[in-house]
Every structure is written in C-alpha cells, then in structure tokens.
Amino acid sequence: GAGVSQSPSNKVTEKGKDVELRCDPISGHTALYWYRQSLGQGLEFLIYFQGNSAPDKSGLPSDRFSAERTGGSVSTLTIQRTQQEDSAVYLCASSLGGTGRSPLHFGNGTRLTVT
Amino acid sequence: AQTVTQSQPEMSVQEAETVTLSCTYDTSESDYYLFWYKQPPSRQMILVIRQEAYKQQNATENRFSVNFQKAAKSFSLKISDSQLGDAAMYFCAYRSANLKLIFGQGTELSVKP
C-alpha cells in the first residue's frame, strides 16, 4: 500500500510569503505528526493530531505556524509571513492510534527554502 | 517535560566491527516506548528497533540490539557486524503515554571499509 505522501517535495519562497505544506497519511492511521528538521539537526516536534481529539500544538514555534487536519486524513501545515529561519525540511508521519507501540511511518519531507 | 539526549554527535566503526550508540532520557512516567530510527542521506526515516518500557528483556532485530536500563533511563543501540549500508544518522526517540514522540539530536555513524 501507499506510504505517507508529502507535497511539494521542494518549495522555494520569498521572505514574507505564506506557504502550505501537505501531508497525506497512510489510510487508517489516526495519528499524524509534523516535525521540522534544520540542516544537520534533530527532529523538532511541531504538532500532533490524534483522531478527533484536540491537537497537541505545544511545539509550534510561533503564531505564524498553524496546521489542520480535515476529515481525519489529509493535513496541511501553513506558515504565514515566512522568515529565513523557517528554512528546513518539514517531515510528516502517521501511525495507528491508540497504542504507543505502533511506529511512526514518515514521508520524504518537504524542503522549504526561504530567500 | 520529557527530554532525549544523544551525547555522541558522530561515531565511526570499521566494517564488520561492533558499535554502540548512547541515548539517555528524562521522564517521570512509568509507561512509555523507546525507538531507534535511522535516517540515510535519502532523508527517509526508517524504524530500526523499539522497546516497551514494561518489558525487561532487551529488544533485538537481527544485527541490532538495545541495552535498556530503565532505572538509569538509558537506551543504547548496539550494531553488530557493521555494514557499509549502516552509515546514516541515528535518532533515539521517546514516546509518552499521550503518544507524543520526542527525538534526540542524532548521532552520525560512518562505516569504514
């Protein structure tokens, strides 16, 4: 079956513009995560959705960042008024919800470059 | 809040030798899960091995095994008979009861032929 799909794979934008990054999780996975990975760095947690529960937004770095998940499936991460420090790879992952044992399945990420 | 620490930014191993990557974590929870992920240059995150905190037996997956010391909050990864394809960034991760997953900063492993 299909894995986690992210689009676009690469995005170049000008400082101050808004961008939308899309994540299509594995069918049936109720948990969805967004992470940010700066060059040579670890994965920084951004936000986590689990079923119909309120998302855990504790990792969002500023109010310029927001995410939504429509119909419990596709998710969109939006960055408003992009800054150069937003340049990074944004990774999405999904897993079967309800148990911590289920591993996360990752997409290939979106590389965002803010010029 | 939980934290995960990988104190070795870089490690190197000779092909066919054994290497151990360190990971420590901080938590007040008793029920949680630990993972090691591998990220090759392709950027794809690949699950290497997982450990349930309630299990005393250390997990093993072929050439990969862990040394889980719950009291010490330590979760190291041992790679035996290292292969060139093992070269990658390795991330230790902690998953709490609310299913949030936190990663360490990673260890870059190089394998010398």
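Here is what the cut-offs are and how they apply
- Residues numbered from 1 in each chain as written.
- Chains lettered and ligands numbered in written order.
- Predicted model: local features only at pLDDT ≥ 70, side-chain atom pairs only at ≥ 80, totals over all residues.
- Heavy atoms only, no water.
- Helix = DSSP H or I, 4+ residues; strand = E, 2+ residues; numbered from the N terminus.
- Rg over C-alpha atoms; globule rule 2.2 N^0.38 Å.
- Pairing = 2+ DSSP bridges.
- Axes fitted to C-alpha atoms, helices over the stretch in contact; angles between N-to-C directions.
- Buried < 20%, exposed > 50% of the residue type's maximum accessible area, 1.4 Å probe, protein only.

Participant: Would you take a moment to explain the overall build of chain B for this structure?
Facilitator: For chain B, the count of helices and strands is 0 helices and 12 strands. Along chain B, helices (α) and strands (β) appear in the sequence β-β-β-β-β-β-β-β-β-β-β-β when read from the amino end. Taking 2.2 N^0.38 as the reference for a compact globule, 113 residues should give roughly 13 Å; the C-alpha atoms of chain B span a radius of gyration of 13 Å, in line with that estimate. Its C-alpha atoms put chain B at 40 × 25 × 20 Å along the principal axes.

Participant: I keep staring at unusual backbone geometry and nothing clicks. Help me out?
Facilitator: Most peptide bonds are trans, and most residues other than glycine sit at a negative phi. In the segment running from A:Ser7 into A:Pro8, the intervening peptide bond is cis, with an omega of -10°. Structurally, the position occupied by A:Pro8 is in the loop between strand E1 (5-7) and strand E2 (10-13). A positive phi is found at B:Arg43, a non-glycine position, where the angle reads about 85°. Checked against the element boundaries, B:Arg43 lands in the loop between strand E5 (33-39) and strand E6 (46-52).

Participant: Whenever I open this one, the sheet that holds strand E7 (residues 75-79) of chain A confuses me. Can you help?
Facilitator: Residues and elements named next belong to chain A. One open sheet holds the 4 strands; their spatial order is E1-E3-E7-E6, and the pairing between them is antiparallel. Each end of this open sheet is capped by a strand with a single partner; those strands are E1 and strand E6 (65-69). The sheet shows a mean angle of 15° between the axes of neighbouring strands, direction not considered. As paired strands, strand E3 (residues 19-24) and E7 are joined by 5 bridges and run antiparallel to one another. Residue pairing for E7: Glu20 is matched across the bridge by Thr78.

Participant: Just checking my understanding: could you explain the pairing of strand E4 (residues 31-37) of chain A for this structure?
Facilitator: Looking along a regular strand, one sees side chains alternate from face to face of the sheet. All names here are of chain A. Within E4, 7 of the 7 residues are buried, which leaves it mostly tucked inside the rest of the structure. Residues Ala31, Tyr33, Tyr35 and Gln37 of E4 are buried on one face, and the alternating residues Leu32, Trp34 and Arg36, pointing to the opposite face, are buried as well. Pairing geometry for E4 and strand E5 (residues 43-50), over 7 bridges, is antiparallel. Bridging from a neighbouring strand, Tyr33 pairs with Tyr48 of E5. Hairpin geometry of E4 and E5 is characterised by an intervening segment of 5 residues between the two adjacent antiparallel strands and by a positive phi of about 70° at Gly40.

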